[in-house]
Amino acid sequence: MEPTENRGRIQSRTRPMAEDDPVVRWLLRGDPAIRWQVLRDLVDASEAEVTAERARVEREGWGARLLALRAADGLWANGACFPGTAEFAAATARALAAGEPPPPFPSPDEEPAEAPTDEAGTEPGQPWTATYRVLLDLCHLGTPPDSPVMQETARLVAHNCRWECDGLPFFDGEEDCCINAGTVLIGAYLGVDVAPVVERLLADQMPDGGWNCWAQTRPAPSSFASTLDVVDGLLRWERRTGGSEEVRRARRNGEEYLLRRNLFRSLRTGEVVNPRWKMFSYPPRWHYDLLKATEYFARRGGTPDPRLAEAIEHVRARRQADGRWLLENTHPGAVHFRFEEPDSTPSRWNTLRALRVLRWYDSPDSPDSARQAP
């Protein structure tokens, strides 16, 4: 996920941080993907300085490493959502087009072994190495979307990549609303038309205003994680295209689902739904936590809703004595490489994201800014 909407920075009326602030100095020693966002969102650097630093993402550091792993056909790990599934997805598309049953999904034993670039790729869990996951990472990093390599990638993925589910082309989406939300995010980022996927998301919205990716296969209430991913994808699509009143209404109803629950409490009992949501991972992937949720509302902008106050205080409380936030609760699974490690050590990603949230929330128009300003 790109940290702020495609066209500009999170709006804040608080003073920028000084470049000689110890935390800012530490952040600016990080990867170009970190530095350009610090320059834009924390120190209010000039547009020219931000653009120059952002251009380095595809040539240096994490962005360059991910792009170097792309195959000539535009795919990573030979699959859309899972490694080694490209031929299965193509065979599924052919079978369904011929009115025949699709082939069985490949068993893990039949999939080619992963070849991660370091030891971090050997953990059990969901793999994060295929095309969909890497494109989301490249959006998170802020890799310039209009660069030749990113636009070439978009064309190749549109032509060559199919979903394991039903063999549909990548930018047509599939049945899972969480994956479709990420597809909308990627499409909006790269300038690809994903309006039909947006329409699918609107049709999948549940009566309480939320979404749940399990609703396709079994009765289920709305999910915090699914709802957050969908409203984020819809917001980015609106800002890229101008949106529609129908999409804005759906997004606002999804936001209301989260806000009525103070971002982490059961509406029925008032209890915390999952204590791990108070721990901040990076990348959060499809998982939910309070930093990911509050960052969405900061990206959306406007006057902070009073129902955000408790979640914001949990973000603030995770700040360490040195002004930094830790990496926590890393989600297991094969990766090409880690952006940061290990858990319980200072995280540039989480520090940047938390400072960005607090800068927005502590603006003068916040209902609690006078009490909460540091």
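The model shown is predicted, which means the values in this text are computed figures rather than measured ones.

## Let's talk about the overall build of the protein
- Secondary structure summary: the protein contains 15 helices and zero strands in total.
- Here the protein holds 374 residues, and 55% of them are scored as buried.
- Within the protein, contacts between residues separated by at least 24 positions form 69% of all contacts whose residues are at least 6 apart in sequence.
- Within the structure as shown, the protein displays about 15,800 Å² of accessible surface, and the carbon and sulfur contribution to it stands at 52%.

## Some remarks on the environment of Ala-86
- Within the fold, Ala-86 resides in helix 5 (residues 86-97).
- Ala-86 gets classed as partly exposed once you look at its relative accessible area, which sits at 23%.
- The spatial distance from the C-alpha of Ala-86 to the C-alpha of Arg-162 is 6.9 Å, given a sequence separation of 76 residues.
- Apart from the residues within four sequence positions on either side, Ala-86 is in contact with Leu-75, Asn-78 and Gly-79.

## Side note on helix 10 (residues 224-241)
- Helix length check: helix 10, at 18 residues, gives a terminal C-alpha distance of 26 Å against a target of 26 Å (1.5 Å per residue), a fit within 8%.
- For helix 10, the buried fraction is high: 15 of the 18 residues fall into the buried class.
- The positive-phi residue at the C-terminal boundary of helix 10 is Gly-242, with phi of around 95 degrees.

## Some thoughts on the packing of helix 12 (residues 290-300) against helix 13 (residues 309-317)
- Where helix 12 meets helix 13, the axes come as close as 10 Å, and the angle between the chain directions of the two elements is 120 degrees. On the basis of the axis angle, helix 12 is oblique to helix 13. In the crossing of helix 12 with helix 13, the sense of the turn from one axis to the other is left-handed. Listed contacts from helix 13 to Leu-290, Leu-291 and Thr-294 of helix 12 are Ala-311, Ile-312, His-314 and Val-315.

## A closer look at the packing of aromatic side chains
- Taken as a whole, this structure holds 17 aromatic pairs when the rule is applied.
- Plain terms: the ring middles of Phe-224 and Tyr-257 are 5.8 Å apart, the flat faces sit at 65 degrees to each other, and that makes the pair edge-to-face. In this pair, Phe-224 sits in helix 10 while Tyr-257 sits in helix 11 (residues 245-259), placing the two residues 33 residues apart along the sequence. The exposure classification of Phe-224 matches that of Tyr-257, with both residues buried.
- Among the aromatic residues, those joined into a cluster by ring pairs are Trp-62, Tyr-282, Phe-337, Phe-339 and Trp-349.

## Structural notes on helix 6 (residues 131-141)
- For helix 6, the buried fraction is high: eleven of the eleven residues fall into the buried class.
- Every buried residue belonging to helix 6 is among Thr-131, Tyr-132, Arg-133, Val-134, Leu-135, Leu-136, Asp-137, Leu-138, Cys-139, His-140 and Leu-141, and all of these are buried.
- Turning to helix 6, the residues buried within the fold contact helix 2 (32-41), helix 4 (61-68), helix 7 (148-160), helix 8 (177-190) and helix 14 (348-361).
- Count one or two residues on from helix 6 and you reach Gly-142, which has phi positive near 80 degrees.

## Observations concerning the pattern of salt bridges
- In this structure the tally under the stated criterion is 28 salt bridges.
- With a closest N to O distance of 3.0 Å, Asp-41 and Arg-40 form a salt bridge. Pair check on accessibility: Asp-41 and Arg-40 agree, each one buried.
- Between Glu-255 and Arg-300 there is a salt bridge; the shortest N-O distance is 3.0 Å. Of the two residues, Glu-255 sits in helix 11 while Arg-300 sits in helix 12, which places them 45 residues apart along the sequence.
- The exposure class assigned to Glu-255 is buried, which follows from its relative accessible area of 5%.
- Overall, the relative accessible area of 22% leaves Arg-300 in the partly exposed class.

## Observations concerning the packing of helix 2 against helix 14
- It is the contact of helix 2 with helix 14, at a shortest axis distance of 11 Å, that shows an interaxial angle of 15 degrees. Between helix 2 and helix 14, the angle falls in the class roughly parallel. Here helix 2 runs over helix 14; the crossing is left-handed. From helix 2, Ala-33, Ile-34, Gln-37, Val-38 and Asp-41 reach across to helix 14, where they touch Arg-348, Trp-349, Leu-352, Arg-356 and Arg-359.
- Across the contact of helix 2 with helix 14, the residue classes break down as five nonpolar, one polar and four charged.

## Some points on the confidence of the model for the protein
- The pLDDT averaged across the protein works out to 91; a share of 88% of its residues lies at or above 70.
- Scored below 50 in pLDDT, residues 1-8 makes 39 contacts in the model with residues more than four places away or belonging to other chains.
- Counted against residues more than four places away or in other chains, residues 367-374, with its pLDDT under 50, gives 14 contacts.

Quick notes on the rules
- Residues numbered from 1 in each chain as written.
- Predicted model: local features only at pLDDT ≥ 70, side-chain atom pairs only at ≥ 80, totals over all residues.
- Heavy atoms only, no water.
- Helix = DSSP H or I, 4+ residues; strand = E, 2+ residues; numbered from the N terminus.
- Buried < 20%, exposed > 50% of the residue type's maximum accessible area, 1.4 Å probe, protein only.
- Contact = heavy atoms within 4.5 Å.
- Areas by Shrake-Rupley, 256 points an atom, 1.4 Å probe, with all protein chains shown as cover.
- Expected span 1.5 Å × (residues − 1).
- Axes fitted to C-alpha atoms, helices over the stretch in contact; angles between N-to-C directions.
- Parallel < 35°, antiparallel > 145°, perpendicular 65-115°, else oblique.
- Left-handed = near helix turned anticlockwise from the far one by under 90°.
- Phe/Tyr/Trp six-rings, centres within 6.5 Å; stacked < 30°, edge-to-face > 60°.
- Salt bridge = Lys/Arg side-chain N within 4 Å of Asp/Glu carboxyl O.
- Nonpolar A, V, L, I, M, F, W, Y, C, P; charged D, E, K, R; others polar.
- pLDDT = per-residue confidence, 0-100.

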